[in-house]
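Examining the three-dimensional arrangement
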Amino acid sequence: MTGPRCIPLEAISNEAVGGKAEGLVRLLDYGFDVPPGFVVMGARSGRLPDDLDAHYARIGAGKVAVRSSAIGEDSGDASFAGQYETVLNVEGSEALRSAIEDCLRSLENARALAYRDEQTGQREAQMNIVVQRMVDARAAGVLFTAHPVNARRDQIVVDAVTGLGEALVSGRAVPDHWLVARDGSVIERELQGDEPILSDAELARLVDGALRAETGYGAPLDMEWAIDQDGSLRWLQARPITQLPADPNELDTKPNPDDVYTWCNIGEMMPGAVTPLTFSVTARGIDLGMQGAYRRMGAKVPHSDELRYVGMYFGHLFLNLSNLSELASAVAGSNKSQMCIALCGRDIEELADPEPEPSWRRAFNGVRYFSLLVSAAKHRNDLDALLGGLNLPARGTARQLYRAIDENLPQIWRAYELHLLSSSSAGALSPILLGVLAKGEEPTQAHHAEVADMLAGAKDVESADIAEGVERLIDLLLVQERAEEAFATADPDAALAWLCSNEAGEASLEFAQYLARHGHRAVRELELRQKEWAVDPAPLIGSLQSGLRARLEFGARHRPATRPHAAAQGHPILRRLLPLAHAAIRTREHTKSALVAVTTAFKHAYRALGSQLMEEGCLTDPDAIFFLTHQELGELLVGRRELSDLAVSRRKVIDYQMPLHFPEVFRDRPEPLGLEPFTNGDGALVGKPVSRGKVTGRARVVETLEQAAALEAGEILIAPITDVGWTPYFSLIAGLATDVGSAVSHGAVVAREYGLPAVVNLRVATTSIQTGDLVTLDGDRGTLTRA
């Protein structure tokens, strides 16, 4: 067995010297200025190398730092930060030996043993020791070449303290802090004193050096550094950032600096961040559906595998308004302003008017466009037939299941195209109604409120039956003697079991029929990872329990009376257009339901594939399937097994992506922002009125559907966004306010059905108002005010 020995850092080649020493050796290889030192290998307590003093003398025999370098330390999986001993300012041979002994003993201390058990599952480890000349530091600190909290690879974090960096890494000092872009520009700076510890030139040197080291490593780095009294920069450590999730911008769209994007419309359909699988299926379906629809309308849409109309940044979906304006240039009767109003509720000044096609072509395409609008019933029937004929297997090998999904993907592309074609009249008629009321001027809040009032008259809207069905269920529960004990106040699982039993009487049958009609629906229902009510009825049970408790306490249903749309009755054009608008809403909601049902069939297929991939050892768990794209799943099956770890890594970052907010309209690529409220002179939050009426009541701020179970009758629901999954609660609330939304969003449609005052696009309602606040929601003026 080889005895203990010392090896100079510059002489190390293939020896297993531990993570810290390996990082220093790599920095030396890259040409970085590293304090001279050596590694003590194979030492044991009471048994140190014979030539220790000689190596100590070689580096100057002055003050040194003695640090652990255990095998496995400073790796990408476990940093062992602070678990082993570090001794600074060690001077003299005896002090050096004592410090090395301290480091060796720390291998078996209680905290290190517990950490190894938790992080590596290994009780045994080999300890080496790094001895380096101390730096007489004027300033020192740490640097991360990727943000260690949100995993962004485009942000560099620099922390600096005066003197030695030990006070920083031990948590005893608060540093100066910089957040820096990879081009060196400072994003934010937090100083602890009047003057920064680092000059601009020193900060630039740190960033430049760190990026060079990262290039050599091929991975984001956690680095320690010091600047001595002469201004020389010394590098003290380089290790991979431990447990760093995947890059939240990994799948971002390649930006075109001239393109204008918006989250309007698509942000209501797909709120929050989407999984990579959803991006590759749902977002692609939306894009290909738009491409097909636009070609049918006469727009010159080039054939390409690249997404043209849908972009993704930070996991959020956006619409490319610049490319969408192609239709406005190609079709008579369509223009950029009308398109923007349909999508965003206003004209977008940042978007230039497209160069129009020749007038004869626009006229010809206008006829094609009109013929498609009046063919909505055919497209609706085609989509119903597609749904009826869809058959995806639930069993088989992973390769068989993947092949079946892959072969059927054109069906989901076609489903999106048919939905867009059949619902396009709903999007077209809303801005026309606004234009008629505004007489060609920019629509005001009052005009938006009037249109919302007119659209409230649409009857037999499928999504409205989601809330009506909940009311019917509650009516049937009220006649059951044990409903309060067995359902209203019971644990949700027990309540579900009782409702599905014969004891619930007619309510049990009605619940089964309800799920047969609407069981494919859910919050964020086009997200493939989201479980539908038929699979996870817990949100539905929570809604029923809240509604039943309210009826037991307050009696009759809480449903404000709808108001007639008198403006339309006195206007000949509006009187003719309004029935068409109502029919368009009915068609839109029906085909949206069918589209969700098609998507749900693919959800089932991907779940089966995920389970089979786990069984075959390709994935760690079935849920990981949603964090690979459809194409990557195919690559996984032909041998790219490293994609399994990538899926797990991507899953870790979605919690950062999900709550991000972005500018409503932007060019190039967006930067997440902290929203500022848009208020009027009275301090009221101002949004867009989508359902008329005025109500004062207690606010219930709800970030997730699970929190909505606490809603009480007569409260004003304040939420980030409400898609169709929220509608079971609409029979309970007195009004609706959301941060995001439009007049044709599902929440707005159902709010009008229920005669609920509703205001959307308030931006910061969920962060400005607290549950229990007395607020006034004005659906005529589009405001939310503390009463």
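Below: a short report on this structure.

1. Some details on the environment of Leu164
Along the chain, Leu164 falls in the loop between strand S7 (155-162) and helix H5 (166-169). Residue classification places Leu164 among the partly exposed residues on the basis of a relative accessible area of 31%. With 24 residues separating them along the chain, Leu164 and Ala140 place their C-alpha atoms 5.6 Å apart. Contacts of Leu164, omitting those with residues within four sequence positions, involve Leu88, Asn89, Met134, Val135, Ala137 and Ala140.

2. Structural notes on the sheet that holds strand S15 (residues 665-667)
Spatially, the four strands line up as an open sheet ordered S13-S14-S12-S15, and their pairing is antiparallel. The open sheet terminates on both sides in strands that have one partner only, identified here as strand S13 (310-313) and S15. On average, each strand axis in the sheet is inclined to that of its neighbour by 40°, with strand direction left out of account. Pairing geometry for S13 and strand S14 (residues 316-320), over four bridges, is antiparallel. Paired with Tyr313 across the two strands is His316, which belongs to S14. Contacting S13 and S14, helix H8 (residues 276-296) runs over the sheet at an angle of about 150° to S13.

3. Remarks on the packing of helix H18 (residues 492-499) against helix H20 (residues 538-554)
Here H18 crosses H20 at 85°, and the two axes come no closer than 10 Å. Compared by their axis directions, H18 and H20 come out roughly perpendicular. Between H18, through Pro492, Ala495, Leu496 and Leu499, and H20, the contact on the second element is made entirely by Ile541, Leu544 and Gln545.

4. Some points on the pairing of strand S6 (residues 137-144)
Burial of S6 is extensive: seven of the eight residues sit out of reach of the surface. Of the pairings in the sheet, the one linking S6 to strand S10 (residues 221-228) comprises seven bridges and is antiparallel in character. Paired with Leu143 across the strands is Met223, a residue of S10. Bridge count for S6 against S7 is six bridges, and the pairing is antiparallel. Opposite Gly141, over in S7, you have Ala160 as the bridge partner.

5. Quick notes on the nonpolar core
In terms of nonpolar packing, the biggest core is built from 86 residues, with Leu317, Leu324, Phe602, Tyr606, Leu609, Leu613 and Leu633 touching the most fellow members. Examining the composition of this core, we find that 11 residues originate from one element, helix H14 (residues 398-438), more than from any other. Counting residues in hydrophobic clusters, the runner-up holds 36 residues, among them Val130, Ile156, Leu203 and Met223.

6. Looking at the pattern of salt bridges
Two side chains of opposite charge can pair, provided their charged atoms sit close to one another. Inspection of the entire model under this criterion finds 41 salt bridges. Between Glu250 and Arg650 there is a salt bridge, with the nearest N and O atoms lying 2.7 Å from each other. Taken together, the residues Glu250 in the loop between strand S11 (233-240) and strand S12 (260-262) and Arg650 in helix H24 (residues 643-657) connect sequence positions 400 residues apart. The exposure class of Glu250 is partly exposed, given its relative accessible area of 36%.

7. Observations regarding a nonpolar patch on the surface
Together, Leu478, Val479 and Leu552 line one region of the surface with nonpolar side chains, adding up to about 260 Å² of accessible area. When its relative accessible area of 33% is taken as the criterion, Leu478 is described as partly exposed.

8. Side note on the packing of helix H19 (residues 506-518) against H20
At a minimum axis distance of 13 Å, the contact between H19 and H20 shows a crossing angle of 130°. The angle between the axes of H19 and H20 places the two elements in the oblique class. Pair H19 / H20 crosses with right-handed handedness. Of the residues in H20, those in contact with Phe511, Tyr514 and Leu515 of H19 are Leu540, Ile541 and Leu544. Broken down by class, the residue content of the contact of H19 with H20 amounts to six nonpolar, no polar and no charged.

Analysis parameters
Residues numbered from 1 in each chain as written. Predicted model: local features only at pLDDT ≥ 70, side-chain atom pairs only at ≥ 80, totals over all residues. Heavy atoms only, no water. Helix = DSSP H or I, 4+ residues; strand = E, 2+ residues; numbered from the N terminus. Buried < 20%, exposed > 50% of the residue type's maximum accessible area, 1.4 Å probe, protein only. Contact = heavy atoms within 4.5 Å. Pairing = 2+ DSSP bridges. Axes fitted to C-alpha atoms, helices over the stretch in contact; angles between N-to-C directions. Parallel < 35°, antiparallel > 145°, perpendicular 65-115°, else oblique. Core = buried A, V, L, I, M, F, W, Y, C linked by side-chain atoms within 4.5 Å. Salt bridge = Lys/Arg side-chain N within 4 Å of Asp/Glu carboxyl O. Patch = residues over 30% accessible without salt bridge, like charges linked within 9 Å, V, L, I, M, F, W, Y side chains within 5 Å. Areas by Shrake-Rupley, 256 points an atom, 1.4 Å probe, with all protein chains shown as cover. Left-handed = near helix turned anticlockwise from the far one by under 90°. Nonpolar A, V, L, I, M, F, W, Y, C, P; charged D, E, K, R; others polar.

Fair warning: the whole summary comes from geometry, so function is off the table for now.
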